[in-house]
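# Structural overview for review
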Amino acid sequence: MKRVPTVLLFLVNAALMAQISPNQGNVYYSLKYQPGDWITISTMRYATSVASSYRMAYVGTSGGVFRYDLNKKKIYYPLTTSNGLLDNDVRLVAVDPQNEFLWVATKQGLQYYSTLSERFSTARYVQIGVGIDEEILSIGFSGGKVWLQTTKGYLLSQSNSSMSFFREDAPIDAGIRWFGKEGLIRTAWPGIAIDHETGFFLDAACMSIVDQEFRKAKITYYAYDYLGGLWIATDGAGIWRAAPVSLIAEPLVYGLAMEDVSAISIDGLTMWIGGNLDSPLFRNYRRAVAGITHWNQEVDRFDWYDSGFRSGIKADYVTEILPDSEWIWIGTHEGLMRKSRTADYWSLYGQSSGLYHPRVYCLTTDSINLYIGTQSGLNKVFWSGNDYIVARIELPALFNVSVYKMLYNQGKLWMTTNQGIFSLDLSNQILRQFNALGYEVRTGSLLNQEIRGVCEDNDFIYFASSRGVVRYGKADQQWISIPLNLDYLSPGVNDADGDEDNVWIATNRGALRLIKATNKWIYYSTNDGLGGERVRSVLVDDDYVWFGTQHGLTQFHWGAEHLKD
């Protein structure tokens, strides 16, 4: 786990000091972490290389290292930046047969991982003599030495636990066990088959696996494990394994459908995860596929529902997911989708269905109606006869207002928008407007204040924006500012969630946690274990908290005993 020194910064908003005790508003940095405190799961459908020992099979992917126990037939959480990888863009994996160290070449450097210590040893490429215009193609092992084959020749390590490499023209030892380019199978492509029930078929001529939308995923690497199973890495269709005797290949669907996580929702023992294909991260993937992930945590099973003409799914940018007893409601930039719980049936409501705007930002319910916040106003969905009806809530002050987040409480609908905070009394349709600091203004005022974070506990509702954090008392209806240096919020706030003890805030540069009992703030970044710097969504789950980042879904066990004050 990467660490930074513990630092106490006395960063307090001076304008608010008169209201608080002197120790409030302080911001603290990283704590004492242990392996497993932070776990990141990203997309593993873009795979690059395969390596195996007598116990484990490893696959390098764009989302870290996939790990599979061959004896227990069990998938372990992937190795990612949350575990100490330099970056998740894994180009090559290799296993030293002498000590079973896992060697990993990523975009930024070379590392080896000890399964005993669960720690990485790391070297940047410049430290081992690999130039910026050079790439490691193969890693080999022989006689206690580690060989690196690059685009410019060979490098030799003095021992298999050292990062001291010396360049040589060609390998001397003919008994080198190679992984990577030199480890490719030289015989003809084995005659494997794919069951069409998987939704894929094999195009052997093009060395690709093709989905039902006829999108081709190139086979990037394949290798046998010691049991005779054939592991296949693809660029888009994930990881496959063909059984030794039948040679029927099946996908090992694991990880997320999309890397940039923009929406997460807990549904009993399962999770729904949506992503953002508009992210610059995917500009290099011409065949990038948008999709929604359903993760059954009880059995650790992932299902991808990919966008496509045949599936009827449009999920290029998912903003919120709200399950109810019958449906999974999904807000997207192309409208409101719903999926049946009992069938793979999807339907889409757009502007022609009554939405003010097809760009849906948020969803909430009062147990009777579903409320929809769009880019241009507020809608609701209700059951009428044999179908759902999308209706417009015609409040002039909300016309052309972007409703980002909503919270229903005690008959009122609280909305964070690009024009401050609104509260709507649903019984009498009275609408009130507040600015980012909680001061009431004339309803319909143009404030140009974006607020995207809202959550609640038993006593208060909390609002977070780049202008500050405020809370509203449910009983006394009073607003109080919570001190925090605005430098932590100025990159932009995306989401907030909390419980009775903490408030968590997702920003474009890490995450913040307010410990309510002590008014103590803690700041978390990729140095702690976040999968990505930009945190789009946050969701509290008892002693765990989930972060949706631009590099995957991160779980943080904040309630671990060794992390308690």
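Cut-offs and rules
Residues numbered from 1 in each chain as written. Predicted model: local features only at pLDDT ≥ 70, side-chain atom pairs only at ≥ 80, totals over all residues. Heavy atoms only, no water. Patch = residues over 30% accessible without salt bridge, like charges linked within 9 Å, V, L, I, M, F, W, Y side chains within 5 Å. Areas by Shrake-Rupley, 256 points an atom, 1.4 Å probe, with all protein chains shown as cover. Salt bridge = Lys/Arg side-chain N within 4 Å of Asp/Glu carboxyl O. Helix = DSSP H or I, 4+ residues; strand = E, 2+ residues; numbered from the N terminus. Buried < 20%, exposed > 50% of the residue type's maximum accessible area, 1.4 Å probe, protein only. Core = buried A, V, L, I, M, F, W, Y, C linked by side-chain atoms within 4.5 Å. Phe/Tyr/Trp six-rings, centres within 6.5 Å; stacked < 30°, edge-to-face > 60°. Lys NZ or Arg CZ within 6 Å of the ring centre and 35° of its normal. 1 Å grid on protein atoms, 1.4 Å probe; cavity = no way out; pocket = protein on both sides within 12 Å on 5 of 7 lines; lining within 4 Å. Points joined across faces, edges and corners; volume = space filled by probe spheres on them. Nonpolar A, V, L, I, M, F, W, Y, C, P; charged D, E, K, R; others polar. Pairing = 2+ DSSP bridges. Axes fitted to C-alpha atoms, helices over the stretch in contact; angles between N-to-C directions. Contact = heavy atoms within 4.5 Å.

### Notes on a nonpolar patch on the surface
A cluster of nonpolar residues, Y54, Y226 and L227, forms a patch on the protein surface that exposes about 340 Å² of accessible area. Note that L227 resides in the loop between β20 (216-224) and β21 (230-234). By relative accessible area, L227 is classed as partly exposed at 41%.

### Overview of the nonpolar core
Counting 34 residues, the largest nonpolar core has V59, F66, W231, I264, I273, W295 and L553 as its most contacted members. Listed in part, the 33 residues of the second largest apolar core include L79, Y125, V146 and M163.

### Notes on the packing of aromatic side chains
Summed over all chains, the structure comprises 42 aromatic pairs. A centroid spacing of 4.7 Å and a plane angle of 65° characterise the contact between Y254 and F302, whose relative ring orientation is edge-to-face. Highlighted residues: Y254 in the loop between β23 (248-251) and β24 (261-267) and F302 in strand β27 (residues 301-306), separated in sequence by 48 residues. The same class applies to Y254 as to F302, namely buried. Their ring planes at 50° and their centres at 4.8 Å tell us that W414 and Y472 sit as a pair that is tilted. A residue pair is termed long-range when its members are at least 10 positions apart, and W414 in strand β37 (residues 412-417) and Y472 in strand β43 (residues 468-473) qualify at 58 residues. The exposure class of W414 is buried, given its relative accessible area of 2%. The ring of F460 is capped by R471, whose NZ or CZ atom sits 4.1 Å from the centre of that ring. Looking at K520, its charged tip hangs above the ring of Y28, at a distance of 4.2 Å from the centre.

### Things to note about empty space enclosed by the protein
All chains considered together, the criterion is met by two cavities of 30 Å³ or more. What the largest cavity holds in volume is close to 110 Å³. Along the wall of the largest cavity there are 13 residues; nearest its centre are D211, R215, A217, G236 and V289. Sorting the residues of the lining of the largest cavity by element identifies β19 (208-211) and β20 as the ones contributing at least two each. Its residues placed into classes, the lining of the largest cavity shows five nonpolar, one polar and seven charged.

### Points about the pairing of strand β41 (residues 451-456)
Sheet topology places β41 next to strand β42 (residues 460-465); five bridges connect them, and they run antiparallel. Paired with E456 across the bridge in β42 is I461.

### Focus: the sheet that holds strand β50 (residues 544-549)
A sheet is described by the order of its strands in space; here four strands give the open sequence β3-β51-β50-β49, paired in antiparallel fashion. Looking along the sheet, the strands with just one partner apiece sit at the ends: β3 (38-41) and β49 (535-541). The average angle at which neighbouring strand axes cross in this sheet is 20°, direction not considered. Two elements, β50 and strand β51 (residues 552-556), share five bridges in a ladder whose sense is antiparallel. Its bridge partner lying in β51, G548 is registered against L553.

### Some remarks on the environment of G308
Residue position: G308 is located in the loop between β27 and β28 (318-323). Residues G308 and S62, spaced 246 residues apart in sequence, show a C-alpha to C-alpha distance of 22 Å. Once residues within four sequence positions are removed from consideration, G308 is found in contact with E213 and I313.

### Considering the sheet that holds strand β15 (residues 165-168)
Reading across from one edge, β15-β14-β13-β12-β16 is the order of the five strands in this open sheet, with antiparallel pairing throughout. What marks the edges here is a single partner per strand, and that holds for β15 and β16 (177-180). Looking at each pair of strands side by side, their axes are set apart by 25° on average, direction ignored.

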